[in-house]
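Residues per chain, in single letters:
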Amino acid sequence: MALSASDLPAMFSLLTNSLSGDESVRKPAEAALSQSEARPGFCSCLMEVITAKDLAPHVDVRLMASVYFKNSINRYWRHRRDSSGISNEEKLYLRQKLLSHFGEENYQIAQMLAVLVSKIARIDYPREWPELFSVLAQKLQSADILSSHRIFLTLFRTLKELSTKRLISDQKNFAEISARFFDYSWHLWQTDVQTLLHGFSTLTQSYNSNTLEQHHDDLYLTCERWLLCLKIIRQLIVSGFPSDAKCVQEVRPVMEVSPMLLNAIQSFLPYYSSFQKGHPKFLDFLKRACTKLMKVLIALQGRHPYSFSDKCVLPTVVDFCLQKITDPDPDVLSFEQFLIQCMVMIKSILECKEYKPSLTGQVMDENGVTLEQMKKNISGAVSGILTSLMTSERIIVLCNTLIRRYFVLTTSDLEEWYQNPESFHHEQDMVQWTEKLRPCAEALYIVLFENHSQLLGPVVVSILQEAMNGCPSSVTEITPGLLLKDAAYGAAAYVYYELSNYLSFKDWFNGALSLELSNDHPNMRIIHRKVALILGQWVSEIKEDTKRPVYCALIRLLQDKDLSVRLAACRSLCSHIEDASFSEGEFVDLLPICWDSSFRLIEEVQEFDSKVQVLNLISVLIGHVTEVIPFANKLVLFFQKVWEESSGECLLQIQLLIALKNFVVALGYQSPLCYNILLPVLQKGIDINSPDELNLLEDSMLLWEATLSQAPSMVPQLLAYFPCLVEILERSFDHLQVAVTIIEDYIILGGSEFLSMHASSVAKILDLVVGNVNDRGLLSTLPVIDILIQCFPTEVPQLISSALQKLIVICITGADDRDPSKATVKASSAAILARILVMNTNYLAHLTSEPSLLLLLQKSGVPIEENILLSLVDIWLDKVDNVSSVQRKTYGLALSIILTLRLPQVLVKLDQILSVCTTVILGGNDDLVEESSGDSISSSGSLSKDSIPSKELRRRQVKFSDPINHMSLEASVRENLQTCAALHGESFSKAIGNMHPSALTQLKQALKMA
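Note that the coordinates shown come from a computational prediction; the quantities given were computed from them, not determined experimentally.

Re the overall build of the protein
Item 1. Looking only at helices and strands, the protein has 55 helices and 0 strands in total.
Item 2. What you see for the protein is a C-alpha radius of gyration of 39 Å, clearly larger than the 30 Å of a compact globule of 1010 residues, by over 25%.
Item 3. Taken over the C-alpha atoms alone, the protein extends approximately 125 × 85 × 80 Å along its principal axes.
Item 4. Within the protein, contacts between residues separated by at least 24 positions form 77% of all contacts whose residues are at least 6 apart in sequence.
Item 5. For the protein, the separation between the mean place of its 90 positive charges and that of its 114 negative charges on side chains is 4 Å.

Right under this line is the structure:
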């Protein structure tokens, strides 16, 4: 039943109750609203609540109504099969109502109304709502300041929504919108700039006068409208034109708009200091406006680099930004967000590949200049402009300014460090480079150095030398000299890969860095932290003769009194230990101190990121050093404590699982030493009902596999965990690869005890996987089925009959000539069935005659024209050259058994069967013997009386003990040929007589009958 105007009071009441803090009131209201969502008229009722004048004071209820409206658009605006959706008549009413309500005074409601228009436009424009933009343009002509602001808010939201549509037709529509609206928006923006500048001038002159508050409000609304207009212009130019980097077509609006944007910045900035004395609202706007103007310029340069390179744009923007970075006004120096955008702009220009001259030649075609040649020509010209703009002198000045002004720690930085060293460390390390001034300056410096390393290498070394000479290692006061040295050390750390050509690390370390560590004054934490950073960054440049003192220095820094220094040392130690040239011999005696320092550090730090960082060091240590077992007890206690404290911290627990896995592998056959902590952790991680399962399952399964691989024997707890694997695979096959390895581990390690306890679970998993995964998943699973049958030939086939029936279907159905993976699946599946015939002959005969198999084949559309076993014979004959040596011998043994069947078709295939058997006997023995003897040597060579076999050795032993290896195909063929002759008599003799003489000769040779 449709909702109508009479339902408005009830709707308002439900929306009000849905905001109640009382659950007994809120829940029924939410349920009633949810039930009403699909009813006709629901959105119309919500629209009335949002726009009703008498409900204007109830902002929270109106906002809730707009949220339900937005959700209804997402769910019901498009017609769906399972819902009638919103009728076309109601849609028309809602669209008209939305475009008639631009006088909304509450900004939050106005924003939500703009979002509603944008969501509907995404679906309906232009097909169902072609008049949208013409109506908006028409309403702008007669709108007051408030209404025009709301219209521009709607325009901005709608354009932003439509710009994300990627179909060619949608992009064409957006280009048409751009063509229609750009001129109007651009004209209004220019007009508003003059209005704003006049208003700002009036504000500064009438600071102490009784200016009408209404004038301020109107001016501020104009400010906000102007800002929206700027965002719209950005959207129109960025999304309304194809990038000129691809099409090399000039985008005129870029050349028209960019100089005016820069002029606006230059006109606004002088008011920055005036507004600081008063008018905080306008000061905030000025900051947002200047920052946004720079961001728009950056966006235009990134989207249309060739158009931006125009002589009226690029030179003036580069000059302006460089001037603001290297010689800013005192007020601008405190305007960090603006300076950041200036740096981002210069960095973007320096990195722009379209501005770099091409080093490759270009083949010309007969029709003239190619697109690539055009790009090359423009790039060459722009490169010349940049070279003239970025002179050597300017580059050196910029480099000096970045290091000497922006790298230097400020008073507020030092205060923050003193108050919270941990927080300071992570902010320096992990903050987005575009968010803070110093990281942004560092990012610009790195790009600048990459582009001009030969020019700047000597400059940076000179600054470094000056800083070290001006502040010897004995200094303890925080002086400008000390802060400059810290900045210079940072500059040298960030560009180690290029600076190593101009600076010897060994001389620097011995002559300065190592001496810094001898000064333990608290203020030296500034330099100590930077030394730790340098030692981590320069790891690739540290030669063998310097490794030992560097390791000692990092261990010393790991014991520093300041947490920020210790965390920096922790990260640098990771870099050294993970380095390919890590010298464990030079580090081994430092291990006890390193472990203890790491344990102490993780107890002292409070922040999550710190704990993860220290845990990462411990994990890396475990994974890269051999001396782990002497510290096993300490590590077990450590893991136990950290796991208990990490409840609810999934990311920390993931790091713990990785560290535990490394620990288990490092302990090897002594891994039971850590079972007290390992098994409870593992049990929680593989429980799919655990609240943290989604985050921990992947790493828990890797830990599970490592535990089984390293286990010297099966323990009851591990045996009891296996059913969890069924639950995991029932939910998804995301972790199939590692799950298959885990099953193999259980088979090899648990043996008959495992099978007797979990036979049904194994059968369930294999039935779940076979037939329901792709070829890649099946190929990883088939070896497990093969090893199961090898180890338990009597018990397993009957147990997994359902999976085996699916393998028969896979073998018999479908062509695989053009798909190598399907051919491999078919060949491997056939090898498993051949093994069953060899090791449990009667069962395969029983299986192929099962009614359930016949039904399965019928469902698969396979015509059953002959005995299923004979169909398998065709597969074995066809795939014998596509399998391994063991599988080839298995095929041969299976085919020899086929000779004993009392079926006339056997004689028809006799020539092919004997040909395959002959080939396997004569050609396959060498490979088989070599493979088996290799395993045998490994087994006897690696296994002493008291040693415990590793997983790999156990696997080889199972492989070596494979009965197939110890069967004689020659004897089997000889014996079964005699049976075949007895069964078929003269028909057999005739079939033999029909064989090619050379094939018969080879057969006799293979069977040693000659």
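Looking at the confidence of the model for the protein
Note: predicted coordinates in regions of low pLDDT should not be interpreted at a detailed level.
Item 1. Overall, the prediction assigns the protein a mean pLDDT of 88, with 94% of residues at 70 or greater.
Item 2. Within the protein, no element has a lower average pLDDT than helix H50 (residues 910–942), which sits at 62, and none a higher one than helix H20 (residues 392–406), at 96.
Item 3. Residue range residues 362–366 is modelled with pLDDT below 50. Its contacts to residues more than four positions away, or to other chains, number 8 contacts.
Item 4. Between residues 925–946, whose pLDDT stays under 50, and residues either more than four places distant or in other chains, the model counts 26 contacts.

So, the packing of helix H7 (residues 132–141) against helix H9 (residues 168–205)
Item 1. At their nearest, the axes of H7 and H9 sit 11 Å apart, and the two run at 10° to each other. By the angle class used here, H7 and H9 are roughly parallel. Residue-level inspection shows Phe133, Ser134, Ala137, Leu140 and Gln141 of H7 in contact with H9, the latter providing Ile177, Arg180, Phe181 and Tyr184.
Item 2. Taken together, the residues of the contact of H7 with H9 break down into 6 nonpolar, 2 polar and 1 charged.

A short note on the packing of aromatic side chains
Item 1. With the rule as written, the count across this model stands at 40 aromatic pairs.
Item 2. With centroids separated by 5.4 Å and ring planes inclined at 75°, the aromatic side chains of tryptophan 226 and phenylalanine 268 adopt a geometry described as edge-to-face. You can see tryptophan 226 sitting in helix H10 (residues 213–240) and its partner phenylalanine 268 sitting in helix H12 (residues 252–268), a full 42 residues away along the chain.
Item 3. Tryptophan 226 gets classed as buried once you look at its relative accessible area, which sits at 0%.
Item 4. Accessibility expressed as a relative area gives 0% for phenylalanine 268, which makes it buried.
Item 5. For the ring pair phenylalanine 407 and tyrosine 494, a centre distance of 5.9 Å and an interplane angle of 80° mean the geometry is edge-to-face. Taken together, the residues span a long stretch of sequence, with phenylalanine 407 in the loop between H20 and helix H21 (411–419) and tyrosine 494 in helix H25 (residues 480–494) at a distance of 87 residues.
Item 6. Residue classification places phenylalanine 407 among the buried positions, given a relative accessible area of 3%.
Item 7. An aromatic cluster of three or more residues is present, and its members are Phe182, Trp186, Trp189, Phe200, Tyr220, Trp226, Phe268, Tyr271, Phe275, Phe282 and Phe285.
Item 8. The side chain of lysine 281 reaches across the aromatic face of tyrosine 220, ending 4.7 Å from its centre.

As for the pattern of salt bridges
Item 1. Applying the stated criterion to the full structure yields 38 salt bridges.
Item 2. Where aspartate 329 meets lysine 324, a salt bridge forms, and the shortest distance between an N and an O atom there is 3.8 Å.
Item 3. Ionic pairing is found between arginine 566 and glutamate 604, a salt bridge with its closest N-O pair at 2.8 Å. Here glutamate 604 lies in helix H32 (residues 591–604) and arginine 566 lies in helix H30 (residues 563–578), a separation of 38 residues in the sequence.
Item 4. We classify glutamate 604 as partly exposed; its relative accessible area is 40%.
Item 5. Several salt bridges converge on common partners, so that one network encompasses Lys119, Arg122 and Glu161.

So, H20
Item 1. Spanning 15 residues, H20 covers 20 Å between terminal C-alpha atoms, matching the ideal 21 Å at 1.5 Å per step.
Item 2. Looking at H20, one finds that the buried residues are Ile395, Leu398, Cys399, Asn400, Thr401, Leu402, Ile403 and Tyr406.
Item 3. Considering only its buried residues, H20 is in contact with helix H16 (314–326), helix H17 (330–333), helix H18 (336–351), helix H23 (437–451), helix H24 (453–470) and H25.

Section: unusual backbone geometry
Item 1. Here the bond from tyrosine 125 into proline 126 is cis, since omega is 0°, no more than 30 degrees from zero.
Item 2. Mapped onto the elements, proline 126 comes out in the loop between helix H6 (107–124) and H7.
Item 3. If you check the backbone angles, valine 248 has positive phi at about 55° while not being a glycine.
Item 4. Following the sequence through the fold, valine 248 ends up in the loop between helix H11 (244–247) and H12.

A look at the environment of leucine 621
Item 1. Looking at the element boundaries, leucine 621 is found in helix H33 (residues 608–624).
Item 2. In the structure, leucine 621 is positioned 201 residues away from asparagine 420 in sequence and 28 Å away in space, judged by C-alpha atoms.
Item 3. Those residues in contact with leucine 621 that sit more than four places away from it in its chain are Ile577, Phe587, Leu591, Cys594 and Trp595.

Digging into the layout of surface pockets
Sizing a probe to match a water molecule and rolling it over the atoms shows the empty space that remains.
Item 1. The calculated volume of the largest pocket comes to roughly 560 Å³.
Item 2. As for the largest pocket, its lining consists of 28 residues, of which Asp429, Glu442, Tyr494, Leu533 and Gln537 are closest to the centre.
Item 3. Where the lining of the largest pocket is concerned, the elements lending two or more residues are helix H22 (421–430), H23, H25, helix H28 (525–537) and H30.
Item 4. Forming the boundary of the second largest pocket are 21 residues, of which Pro783, Asp786, Gln790, Arg835 and Lys959 lie nearest the centre.
Item 5. For the lining of the second largest pocket, the secondary structure elements donating two or more residues are helix H41 (775–791), helix H44 (820–839), helix H48 (885–898) and helix H51 (951–960).
Item 6. With 6 residues, H41 is the single largest residue contributor to the lining of the second largest pocket.

Quick look at the state of the cysteines
Item 1. Counted by the stated rule, this structure contains 0 disulfides.
Item 2. Cysteine 342 supplies the cysteine sulfur nearest to cysteine 440, a cysteine that is in no disulfide, at a spacing of 9.6 Å.
Item 3. Using a relative accessible area of 0% as the deciding quantity, one classes cysteine 440 as buried.
Item 4. Unpaired in terms of disulfides, cysteine 471 finds its nearest cysteine sulfur in cysteine 399, a separation of 20 Å.
Item 5. Using a relative accessible area of 1% as the deciding quantity, one classes cysteine 471 as buried.

Side note on the environment of alanine 110
Item 1. Tracing the chain through its elements places alanine 110 in helix H6.
Item 2. Between the C-alpha atom of alanine 110 and that of threonine 154, which follows or precedes it by 44 residues, the distance is 8.4 Å.
Item 3. Residues within four places of alanine 110 in sequence aside, it is in contact with Glu104, Arg150 and Leu153.

Describing the environment of isoleucine 396
Item 1. Along the polypeptide, isoleucine 396 turns up in helix H20.
Item 2. Between the C-alpha atom of isoleucine 396 and that of valine 459, which follows or precedes it by 63 residues, the distance is 7.4 Å.
Item 3. When residues no more than four places from it in sequence are discounted, the contact partners of isoleucine 396 are Leu455, Leu456 and Val459.

Here we look at the packing of H18 against H23
Item 1. Contact pair H18 / H23: the axes reach a minimum separation of 9 Å and the direction vectors enclose 20°. Viewed along their axes, H18 and H23 adopt a mutual orientation that is roughly parallel. Read as a crossing pair, H18 and H23 show a hand that is left-handed. Contacts between H18 and H23 involve Glu336, Leu339, Ile340, Met343, Val344, Ile346, Lys347, Leu350 and Glu351 from the former and Leu437, Cys440, Ala441, Ala443, Leu444, Val447, Leu448 and Asn451 from the latter.
Item 2. Here the contact of H18 with H23 is built from residues that sort into 13 nonpolar, 1 polar and 3 charged.

Focus on the nonpolar core
Here is a general trend for soluble globular proteins: nonpolar side chains tend to be buried in one another's company.
Item 1. Phe200, Trp508 and Trp876 are the most contacted members of the largest nonpolar core, which totals 356 residues.
Item 2. When residues in this core are grouped by element, the largest group, 17 residues, is from helix H40 (residues 736–769).
Item 3. Residue contacts for tryptophan 508: discarding those within four places in its chain leaves Leu464, Met468, Tyr489, Ala492, Leu503, Leu513, Ile534 and Trp538.

What counts as what
- Residues numbered from 1 in each chain as written.
- Predicted model: local features only at pLDDT ≥ 70, side-chain atom pairs only at ≥ 80, totals over all residues.
- Heavy atoms only, no water.
- Helix = DSSP H or I, 4+ residues; strand = E, 2+ residues; numbered from the N terminus.
- Rg over C-alpha atoms; globule rule 2.2 N^0.38 Å.
- Contact = heavy atoms within 4.5 Å.
- Lys, Arg positive; Asp, Glu negative; His and termini not counted.
- Charge placed at Lys NZ, Arg CZ, Asp CG, Glu CD.
- pLDDT = per-residue confidence, 0-100.
- Axes fitted to C-alpha atoms, helices over the stretch in contact; angles between N-to-C directions.
- Parallel < 35°, antiparallel > 145°, perpendicular 65-115°, else oblique.
- Nonpolar A, V, L, I, M, F, W, Y, C, P; charged D, E, K, R; others polar.
- Phe/Tyr/Trp six-rings, centres within 6.5 Å; stacked < 30°, edge-to-face > 60°.
- Buried < 20%, exposed > 50% of the residue type's maximum accessible area, 1.4 Å probe, protein only.
- Lys NZ or Arg CZ within 6 Å of the ring centre and 35° of its normal.
- Salt bridge = Lys/Arg side-chain N within 4 Å of Asp/Glu carboxyl O.
- Expected span 1.5 Å × (residues − 1).
- 1 Å grid on protein atoms, 1.4 Å probe; cavity = no way out; pocket = protein on both sides within 12 Å on 5 of 7 lines; lining within 4 Å.
- Points joined across faces, edges and corners; volume = space filled by probe spheres on them.
- Disulfide = S-S within 2.5 Å.
- Left-handed = near helix turned anticlockwise from the far one by under 90°.
- Core = buried A, V, L, I, M, F, W, Y, C linked by side-chain atoms within 4.5 Å.

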